[in-house]
Amino acid sequence: MSTPASKRPLSSSSTPSPFENKKLRDYSPGVTEYSYMHTSTPYNTGTMSDSPTQPSVPQGPYVQSQPASLPFQHMFFQQPSQFTGYPPASGSMSISESDVDRIAKAVRGLLLEDINTAVERQIAPLVDRVSKLEAENDVLRLQLDDLEQYGRRPLVRFSGFPESKDEVTTDLLLQAARESSVDLIPEDLERSHRVGRPTSGKPRIIIARLRSTEAKFKLLKSSSGFRATSKFKHISVNEDLTQYRSKLSFFARRLVKEGKILKTWTTNGKISVLDKNSKVFNIRRESDLIQLGHILTT
């Protein structure tokens, strides 16, 4: 009669087969399961029995006990360093903080160089496009300013006339011209009015539209007659300029006061200056005044 598998002694000279291991797990109550790693070294597993006493535990550097509540745990291999009795790895390499800093600086330098190159490659077309758009905008702005100034050719501005409540500006201009021997007749003066909001203590400017540019030039040429009289010596006459050209004319007059140029004047909206070498410059942009000592405004 053959001995049952549960009571059959295991030979110490051979490794139990998977079938025997399965039967041991299935039919050996109270026996703790063990996970094995295949090795040529045989295990001394002892004799398995139905006795409730704890069987002998296999010993060896490649054996580790596992709880019986974890099924199939014996199917996973363990690293040798995790088993009891296996010596830890020797010759481990360490990195100092200075090494880490040196590596970080090297990596940072490489990354920054690559990033800067990529950014410059992407920005270069945009910078070129912005420069072209700025140049086009400057040309369009000057063309628009030319059109606006062309419509202001027959206009002149009178400053310094006292202001009263019920005044008629046309009569006021004609009377001052007669008393000052200024070449201004009723036929040349189409209409006039003051501009801006009333302010206390300072009279507003009178703007007048003349019949033609010829009448304007005659008036401007003889306007020095106002300064020759004590009553109207504070009166000045100038061409009506666009806002941009008024600013350029103001900068030019300031250079005259500072002694950097000799003279400035306007002709049909064109601004001209005379430097200390008696050389005439036509001012079209604010940058044209830099060579004469002007500092660009922000």
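Structure: see above.
Calculation notes
Residues numbered from 1 in each chain as written. Predicted model: local features only at pLDDT ≥ 70, side-chain atom pairs only at ≥ 80, totals over all residues. Heavy atoms only, no water. Helix = DSSP H or I, 4+ residues; strand = E, 2+ residues; numbered from the N terminus. Buried < 20%, exposed > 50% of the residue type's maximum accessible area, 1.4 Å probe, protein only. Patch = residues over 30% accessible without salt bridge, like charges linked within 9 Å, V, L, I, M, F, W, Y side chains within 5 Å. Areas by Shrake-Rupley, 256 points an atom, 1.4 Å probe, with all protein chains shown as cover. Salt bridge = Lys/Arg side-chain N within 4 Å of Asp/Glu carboxyl O. 1 Å grid on protein atoms, 1.4 Å probe; cavity = no way out; pocket = protein on both sides within 12 Å on 5 of 7 lines; lining within 4 Å. Points joined across faces, edges and corners; volume = space filled by probe spheres on them. Domains from an automatic or database assignment.

The phi torsion at N268 lies on the positive side, around 55°, for a residue other than glycine. Along the chain, the position of N268 falls in the loop between β7 (263-267) and β8 (270-274). Residue classification places N268 among the partly exposed residues on the basis of a relative accessible area of 29%. Of note, S278 is a non-glycine position whose phi angle comes to about 60°, a positive value. As for its placement among the helices and strands, S278 is situated in the loop between β8 and β9 (280-283).

Let us now look at a nonpolar patch on the surface. A cluster of nonpolar side chains, I103, V107, L111, I115, V119, I123 and V127, forms an exposed patch at the surface whose accessible area comes to about 580 Å². Turning to its location among the elements, I123 is positioned in helix α2 (residues 97-151).

So, on to the layout of surface pockets. Put simply, the largest pocket is a space of about 750 Å³. Listing elements by their share of the lining of the largest pocket, those giving two or more residues are β3 (155-159), β6 (236-239), α6 (243-257) and β7. Here the lining of the largest pocket spans two domains, since at least three of its residues come from each of domain 2 (154-239) and domain 3 (243-292).

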